[in-house]
Amino acid sequence: DPDKRDLYGALRKYKDSEGYYFTRFVSEGNGTSDSITRLLTGVPDLDLSTSLYARNDFLLNSLKPFKEQGYHCVFITGGQGSWRSLDTFLRYQGFDEVLEMSSVRALFPQATAGPWGIDDEYVFATVLDYLRKHSDKPQLIWTLSITNHPPYRVPEGREPQQVQLNEVMRQRFNFPEAPQIFATLRYANDQLGRLIDEIRADPKLAEHTLVAFTGDHNRRGNGYSGYPNEELIGFEVPFGIVLPEVYRQGTRFHPERFASQKDIMPTLAARALGGVSLHTLGCDFLSDTPCRFPYPYNSELAVSADGTYACPLGGAERVLKLNADHQAEQASTSDFDCRLNRALPQLQQALYEDLGRCETEA
């Protein structure tokens with residue numbers, strides 16, 4: 001209800017009309033490090049950044065095709081680069097620069113911060129500053145926002161500090177800080193929308209900058225385990241992409257389509273790199289081009305290509321039947337064959353073990 005609970009702010013128009021926005025979308029991992037690692041390297045190891053294999057050359061590294069086409073790759077975050085050895089790991093995997101808390105603070109000494117790092121508005125301002133200073137050459141910028149993270153807080157001077165919840169929502173989100181949690185989400189969304197506004201208003205950037213955004217994992221503590229029909233919903237995150245007009249040519253937008261984070265970089269590469277081939281398990285989900293692995297998946301659950309069934313990946317073999325509201329009910333294993341869906345993460349693991357880890361072990 002945007003009149004009572006506007007959780008999008010300036011991002012709303014890029015959800016409703018001026019971007020491509022998917023709600024049938026799942027994260028690959030279920031933690032920040034896990035999803036970053038999978039997006040970057042295709043490796044199913046959330047501890048990769050702190051392991052002996054952090055510097056290995058991985059076949060599914062999603063930066064490679066951009067680097068080969070002359071892109072300068074930058075990672076910008078309001079957090080500390082030392083967290084999980086992120087700075088070192090990202091450089092090993094191809095990032096030319098890593099700008100973290102100290103870099104943002106040097107640019108904006110007045111920046112406010114919480115326990116985990118500098119607030120999103122200053123992180124996004126750093127992104128905009130970098131884009132403007134380097135608009136003469138191709139850039140690939142990854143950004144990790146920080147504010148929407150416990151302990152939840154909205155920076156002073158930003159409204160709303162709390163979002164009003166109705167009784168049904170209070171029962172479901174039955175903890176004292178729930179109104180502030182929603183307000184923090186609203187702040188993060190609003191600041192992202194403002195960044196996109198600035199990019200689209202800048203004549204040097206507007207026609208040449210693609211913006212994609214997603215979440216690293218669904219929010220913990222929502223009680224999904226107490227609602228068996230929400231087994232899929234517990235792994236869903238939003239995904240949106242905003243394209244200049246010239247990059248919209250030939251796109252096929254199917255908002256009901258299921259996809260996952262393995263599909264993000266191939267979708268961007270298809271538009272930014274002009275047909276360059278790449279090693280990927282992902283799909284270009286803004287096209288109707290046939291895809292070898294059209295199975296959206298999270299590390300704990302895979303979805304059928306048509307979004308009708310889901311296959312939990314742990315424990316005994318089970319099949320879930322999905323309805324239009326993404327809710328699931330138990331189905332018979334004879335209703336759908338999950339072998340192909342289960343094979344995708346097995347292939348990913350095999351690639352890691354055979355082509356990644358063996359380098360160091362050898």
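Scroll up for the structure.
Everything quoted here is computed from the prediction, not taken from an experiment. (Residues numbered from 1 in each chain as written. Predicted model: local features only at pLDDT ≥ 70, side-chain atom pairs only at ≥ 80, totals over all residues. Heavy atoms only, no water.)

Caption draft 1: Structural view of the packing of aromatic side chains. This model, assessed by the stated rule, comprises 18 aromatic pairs. Taken together, a centroid distance of 4.9 Å and an interplanar angle of 90° make the contact between Phe22 and Phe285 edge-to-face. Of this pair, Phe22 sits in strand E1 (residues 20-22) while Phe285 sits in the loop between helix H10 (264-272) and strand E11 (297-298), and the two are 263 residues apart along the sequence. For the pair shown, Phe22 and Phe285 are each scored as buried. Judged by centre distance (5.1 Å) and plane angle (10°), the ring pair of Tyr309 and Phe336 falls under stacked. Taken together, the residues span a long stretch of sequence, with Tyr309 in strand E13 (residues 309-312) and Phe336 in the loop between strand E15 (328-331) and helix H11 (339-361) at a distance of 27 residues. Taking relative accessible area as the criterion, Tyr309 reaches 15% and is therefore assigned buried. Sitting above the plane of the Tyr227 ring, Arg172 keeps its charged end 3.9 Å from the centroid. (Phe/Tyr/Trp six-rings, centres within 6.5 Å; stacked < 30°, edge-to-face > 60°. Helix = DSSP H or I, 4+ residues; strand = E, 2+ residues; numbered from the N terminus. Buried < 20%, exposed > 50% of the residue type's maximum accessible area, 1.4 Å probe, protein only. Lys NZ or Arg CZ within 6 Å of the ring centre and 35° of its normal.)

Caption draft 2: Fine view of helix H6 (residues 120-133). The end-to-end C-alpha distance of H6 is 20 Å, a good match for the 20 Å that 14 residues give at a rise of 1.5 Å each. With ten of 14 residues buried, H6 is to be regarded as a mostly interior element. Every buried residue of H6 is accounted for by Asp120, Glu121, Tyr122, Val123, Phe124, Thr126, Val127, Leu128, Tyr130 and Leu131. At its buried positions, H6 is contacted by strand E3 (72-77), strand E4 (97-99), helix H5 (101-107), strand E6 (117-118), strand E7 (139-144) and helix H8 (178-201). (Expected span 1.5 Å × (residues − 1). Contact = heavy atoms within 4.5 Å.)

Caption draft 3: Geometry of the pattern of salt bridges. A full pass over the atoms with the stated rule returns 24 salt bridges. Here Asp87 makes a salt bridge to Arg91, at a shortest N to O gap of 2.7 Å. Taken as a pair, Asp87 and Arg91 lie in helix H4 (residues 86-92) at a separation of four residues, close to a single helical turn. On the accessibility criterion, Arg91 (39% relative accessible area) is partly exposed. (Salt bridge = Lys/Arg side-chain N within 4 Å of Asp/Glu carboxyl O.)

Caption draft 4: Inspection of helix H2 (residues 32-41) at higher detail. The element H2 is extensively covered by neighbouring structure, given that ten of its ten residues are classed as buried. Buried within H2 are the following residues: Thr32, Ser33, Asp34, Ser35, Ile36, Thr37, Arg38, Leu39, Leu40 and Thr41. Gly42 sits one or two positions beyond H2 and adopts a positive phi of about 70°.

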